[in-house]
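Overview (structure and organization)
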Amino acid sequence: MSLLVVGLSHRSAPVSVLERASLNADDRVKLLQDTVAAEPATEAAVLATCNRIELYADVDKFHAGVAELSTLLAQHSGVGLEELTPHLYVHYEDRAVHHLFSVACGLDSMVVGEGQILGQIKDSLARAQELHTAGRLLNDLFQQALRVGKRAHSETGIDRAGQSLVTFGLEQLSAGTAVTDWARGKKALVIGAGSMSSLAAATLARAGVGEIVIANRTRERAERLARILTEGDDTHVPARAVPMDAVPVELTRADIAVSCTGATGLVLTAEAVAAAVEGRTAEPVARPDGGRTAPEPAGSRTAAAVEPGPRETTQPTAAGAEEGCPLDLATVEQLAGVEPGFSLLGESAVAGIDAATLEQHGAWVDGGTSLLERGRARDAQAEAGADAELITALAATAATVGRVPELRKPEPVAVLPRPEPVLFVLDLAMPRDVDAAVHRLAGARLVDIESLAEASADAPMAADVDQVRRIVSDEVGAFGAAQRAAHITPTVVALRTMAADVVASEIARLEGRLPGLDDKHRAEITQTVRRVVDKLLHAPTVRVKQLAAEPGGAGYADALRTLFDLDPETVASVSRADEDSEKNGKNRGPA
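All residue numbers refer to position in the chain's written sequence, counted from 1. The model is predicted, so local features are restricted to residues of pLDDT at least 70 and side-chain atom pairs to those at 80 or more, both for listing and for counting; the totals for chains, interfaces and linings are taken over all residues. The basis for every side-chain value is the complete set of non-hydrogen atoms in the structure, without hydrogens or water.

1. Describing the pairing of strand 1 (residues 3-9)
Short version of the rule: Relative accessibility decides the category of a residue: with a 1.4 Å probe and only protein chains considered, values under 20% of the type maximum give buried, values over 50% give exposed, and everything between is partly exposed. Only DSSP runs of H or I reaching four residues or more are called helices, and only runs of E reaching two or more are called strands; each is numbered from the N terminus. Think of it this way: DSSP has to see at least two bridges between two strands before they count as a pair.
Along strand 1, 7 of the 7 residues are buried, which leaves the element largely enclosed by surrounding structure. Side-chain alternation along strand 1 places Leu3, Val5, Gly7 and Ser9 on one buried face and Leu4, Val6 and Leu8 on a second face that is also buried. The pairing of strand 1 with strand 3 (residues 52-59) spans 7 bridges and is antiparallel. Residue Val5 lies in a different strand from strand 3, and its bridge partner there is Tyr56. Across 4 bridges, strand 1 lies against strand 4 (residues 89-92) in antiparallel orientation. The residue of strand 4 that forms the bridge with Val6 is Val90.

Laid out in structure tokens, this is it:
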């Protein structure tokens, strides 16, 4: 087995790179065809989702395979090789198997434990089978990955560790409120009618929305989805289909908008969303590119936009001034060697003043100027003496250290309250359907792939994840052993075929020497010779399969061919016959 995977995902690349590197259906077909046409690869499959692009291949040379697959990914994604390379990861042989099995179980998903990836793996295998780019290795690999993923979901509680992107996205939109309570009675607009959009529409229907509008470029698909939602046993909700040009109008009526299309450009611009919000509130919405920007809500990935309020005048002044600066009280007390608790006015009056000025200020305080009288209206006489003693002590300290340390208070700012959103937007497309500038629009809340990635980074991992990891590890070992054993099977078959030919040749020779041998004795002799050969070959062939299944056991096939002088072409013909037989069965569809 020489399995190689080269890819990039939300774990290795920023969303900005992922959305540029996304592949449409035609790109995937061309990538598969070009991969198997390249010299190092004999099989190929592409797994492309909203947060990963991976190219799997059976290669005969590792380094050449990495170079070729990386180049092909760059060519078909439209992202230059130099820019793409730092974000690519490479897995080979058992590590590649471990990676796909982990992906199938949802361990490598943006939302751990989500189950949609199984359908995407199934689609990837079906596409490779239709194009005849999946041979024995990738057929076995992807079929087993599907079984491992199903096992993980049935035998563990991995489903509790996460959910689909749709559910997770709606939870982020509802901001802590139960989705069923938050969505009840709302009007929803779903843009797109593919698998993800259909899942979003069904999820919203089960959550209790009052109406769903489906917009799609193909009107028939939108109508079919609307009919399913309306007539479904668990999704009975009023639903209707509209053309894409009706989206701006429907957006002004919607409370929730979900978009997941295959478009290469923006489906919803910031201007369109702002116009929809204005249509709902009858108040102007500040555009991100047109003057003042509306502030972000707490917890948003964009820093909150704030406008400073009235500033306090807290600049240092000379001796005898009416107002002063704040003082680093702890430092002054330590330097002066005085007890804590002196008055605020004393702090303010001496901050930043040099020694000579402090002496003058101390004399001024002794004289009871208007500064003290106004600052200490309630008990000016009692506190004037304490301030004078403090300032005298500070003057002595300042003469030694130069100046009294100063601590400025931060200027207060006024945080503008962000209005409650009237339009909730969920963008599940890659590349994005909704302008990221919508994050900064007042009256709208946007959750997209990038914000979902940030939100899921801190999501707690369920205890069942460890159990799934053990399942993956066990299954990787079993798959590797089966593949290594399968690798030696053609050699064993060729050996037994050779032995059968030898038996047949010797029986024919015996008949020439004993022409009067009757059928009964001829059959008995033939059966005896065959039993002898089978017994001699049984133990070695069973043992060689066991040894070949262990790590590093690939060399046993070569040893067997050398020891028995087997014709390499005979072995190869057995392999081709097995592969043709498996293709005829497996290319009818994945399990």
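Still more ground to cover, so stick around.
2. Overview of the sheet that holds strand 1
For clarity, the threshold we go by: Angles run from 0 to 180 degrees between N-to-C directions of axes, and those axes are lines fitted to C-alpha atoms, restricted for helices to the stretch in contact. Residues count as neighbours in contact if any of their non-hydrogen atoms are within 4.5 Å of one another.
An order of 2-3-1-4 is seen for the 4 strands of this open sheet, with the pairing classed as antiparallel. Across the chains shown, the open sheet's two edge strands, defined by having one partner strand only, are strand 2 (41-49) and strand 4. Across the sheet, the mean angle separating the axes of adjacent strands is 15 degrees when strand polarity is ignored. Across the sheet, helix 3 (residues 62-77) is in contact with strand 1, strand 3 and strand 4; its angle to strand 1 comes to roughly 35 degrees. Helix 6 (residues 116-130) rests against strand 2 and strand 3 of the sheet, and its axis sits at about 145 degrees to strand 2.

3. Things to note about unusual backbone geometry
The amide bond that connects Met430 to the next residue, Pro431, takes the cis arrangement and shows omega of 5 degrees. Position of Pro431 among the secondary structure elements: in the loop between strand 9 (423-427) and strand 10 (444-447). Of note, Ala175 is a non-glycine position whose phi angle comes to about 55 degrees, a positive value. Along the chain, the position of Ala175 falls in the loop between helix 9 (165-174) and helix 10 (179-183). On the basis of relative accessible area, Ala175 is assigned to the exposed category, the value being 53%.

4. What to know about the sheet that holds strand 5 (residues 187-191)
On the basis of which strands lie adjacent, the open sheet formed by 6 strands has the order 7-6-5-8-9-10 and parallel pairing. Each of the sheet's edge strands pairs with one partner strand only, and the pair in question is strand 7 (239-242) and strand 10. Put simply, the sheet's adjacent strands are angled 15 degrees from each other on average, direction ignored. Of the pairings in the sheet, the one linking strand 5 to strand 8 (residues 256-259) comprises 4 bridges and is parallel in character. Bridging across to strand 8, Ala188 finds its partner in Ile256.

5. Some details on the side chain of Asp427
Quick reminder of the rule: The charge count includes Lys and Arg as positive and Asp and Glu as negative, but it does not include His or the ends of the chains. Salt bridge criterion: a side-chain nitrogen from Lys or Arg within 4 Å of a carboxyl oxygen from Asp or Glu. For the purposes of these results, a polar contact is taken to be a pair of N or O atoms within 3.5 Å, where, inside protein, one atom must be able to donate a hydrogen and its partner to accept one; residues adjacent in sequence count only when each atom of the pair is a side-chain atom.
Topologically, Asp427 is positioned in strand 9. The buried charged residue Asp427 lacks any salt bridge partner; its closest oppositely charged side chain belongs to Arg432, at an N-O distance of 5.8 Å. Polar side-chain contacts of Asp427 include one of 2.9 Å to the backbone nitrogen of Val434. Those residues in contact with Asp427, other than ones at most four positions away along the chain, are Ser259, Arg432, Asp433, Val434, Leu446, Val447, Asp448 and Ile449.

6. With respect to the packing of helix 2 (residues 25-37) against helix 3
Note the cut-off: Throughout this description, any angle smaller than 35 degrees is read as roughly parallel, any larger than 145 degrees as roughly antiparallel, any in the 65 to 115 degree range as roughly perpendicular, and the remainder as oblique. Crossings are classed by handedness, with left-handed meaning an anticlockwise turn of the near helix from the far one by less than a right angle and right-handed meaning a clockwise turn. In this count, Pro and Cys sit with the nonpolar residues alongside Ala, Val, Leu, Ile, Met, Phe, Trp and Tyr, while Asp, Glu, Lys and Arg are called charged and the others, Gly among them, polar.
Packing of helix 2 against helix 3 leaves a shortest axis separation of 10 Å and a crossing angle of 155 degrees. The pairing of helix 2 with helix 3 is recorded here as roughly antiparallel in orientation. For the element pair helix 2 and helix 3, the recorded crossing hand is right-handed. On the side of helix 2, the interface is formed by Asp27, Lys30, Leu31, Asp34 and Thr35, while helix 3 contributes Leu69, Leu72, Leu73 and His76. Residue composition of the contact of helix 2 with helix 3, by class: 4 nonpolar, 2 polar and 3 charged.

7. Thoughts on the pattern of salt bridges
All told, the structure shown has 21 salt bridges when counted by the stated rule. Glu54 is the salt-bridge partner of Arg52, the closest N and O atoms lying 3.0 Å from each other. Residue Arg52 shares its accessibility class with Glu54, and that shared class is buried.

8. Description of the packing of aromatic side chains
Two descriptors summarise a pair of aromatic rings, namely the distance from one centre to the other and the angle between the planes of the rings. The condition that has to hold: Whether two aromatic rings pair depends on their centres lying within 6.5 Å, for rings of Phe, Tyr and Trp, where Trp uses its six-membered ring; planes under 30 degrees apart make the pair stacked, over 60 edge-to-face, and the rest tilted.
If you walk through the whole model with that rule in mind, you get 4 aromatic pairs. Between Phe101 and Phe479 the ring centres are 5.9 Å apart and the planes differ by 80 degrees, which places this aromatic pair in the edge-to-face class. Of this pair, Phe101 sits in helix 5 (residues 94-104) while Phe479 is found in helix 21 (residues 464-513), placing the two residues 378 residues apart along the sequence. When sorted by exposure, Phe101 lands in the same class as Phe479, which is buried. With 5.2 Å between their ring centres and 90 degrees between their planes, Trp182 and Phe424 make a pair best called edge-to-face. Residue Trp182 is found in helix 10, and its partner Phe424 is found in strand 9; the two are separated by 242 residues along the sequence. Look at Phe424 and you get buried, because its relative accessible area is 9%.

9. Some points on the environment of Ala429
Inspection of the secondary structure assignment puts Ala429 in the loop between strand 9 and strand 10. Those residues in contact with Ala429, other than ones at most four positions away along the chain, are Ser259, Cys260, Thr261 and Ile449.

10. A word on the confidence of the model for the protein
Put simply, the rule reads: Confidence per residue, as judged by the predictor, is encoded in pLDDT with a range of 0 to 100.
Mean pLDDT over the protein works out to 78, with 72% of the residues at or above the 70 mark. Within the protein, the element-level pLDDT minimum falls on helix 16 (residues 344-350), averaging 45, and the maximum on strand 6 (residues 211-215), averaging 96. Low pLDDT (under 50) marks residues 291-333, which in the prediction has 97 contacts with non-local residues, meaning those over four places away or in another chain. Segment residues 368-372: pLDDT under 50, and 13 contacts once partners within four positions in sequence are set aside and those in other chains are kept.

11. With respect to the nonpolar core
Our working rule: Residues enter a nonpolar core if they are buried and are Ala, Val, Leu, Ile, Met, Phe, Trp, Tyr or Cys, with the set joined through side-chain atoms within 4.5 Å.
Residues Leu8, Leu204, Ile212, Ile214 and Leu428 are the most contacted members of the largest nonpolar core, which totals 66 residues. For Ile214, the contacting residues outside a window of four places in its chain are Val190, Gly192, Ala201, Ala222, Leu225, Ala226, Leu229, Arg240, Ala241 and Val242. Among the nonpolar cores identified, the runner-up in size contains 35 residues, and Val5, Leu47, Leu118 and Ala128 belong to it.

12. Concerning helix 5
With 8 of 11 residues buried, helix 5 lies mostly within the body of the structure. Among all positions of helix 5, only Ala96, Val97, His99, Leu100, Phe101, Ser102, Val103 and Ala104 are buried. Within two residues after helix 5, Gly106 carries a phi angle of roughly 85 degrees, on the positive side.

13. Section: the packing of helix 5 against helix 6
Between helix 5 and helix 6, whose axes approach to 8 Å, the crossing angle comes to 125 degrees. Between helix 5 and helix 6, the angle falls in the class oblique. Taking contact as the criterion, the partners of Leu100, Val103 and Ala104 in helix 5 are, on helix 6, Ile117, Leu118 and Ile121. Of the residues assigned to the contact of helix 5 with helix 6, the class counts are 6 nonpolar, no polar and no charged.

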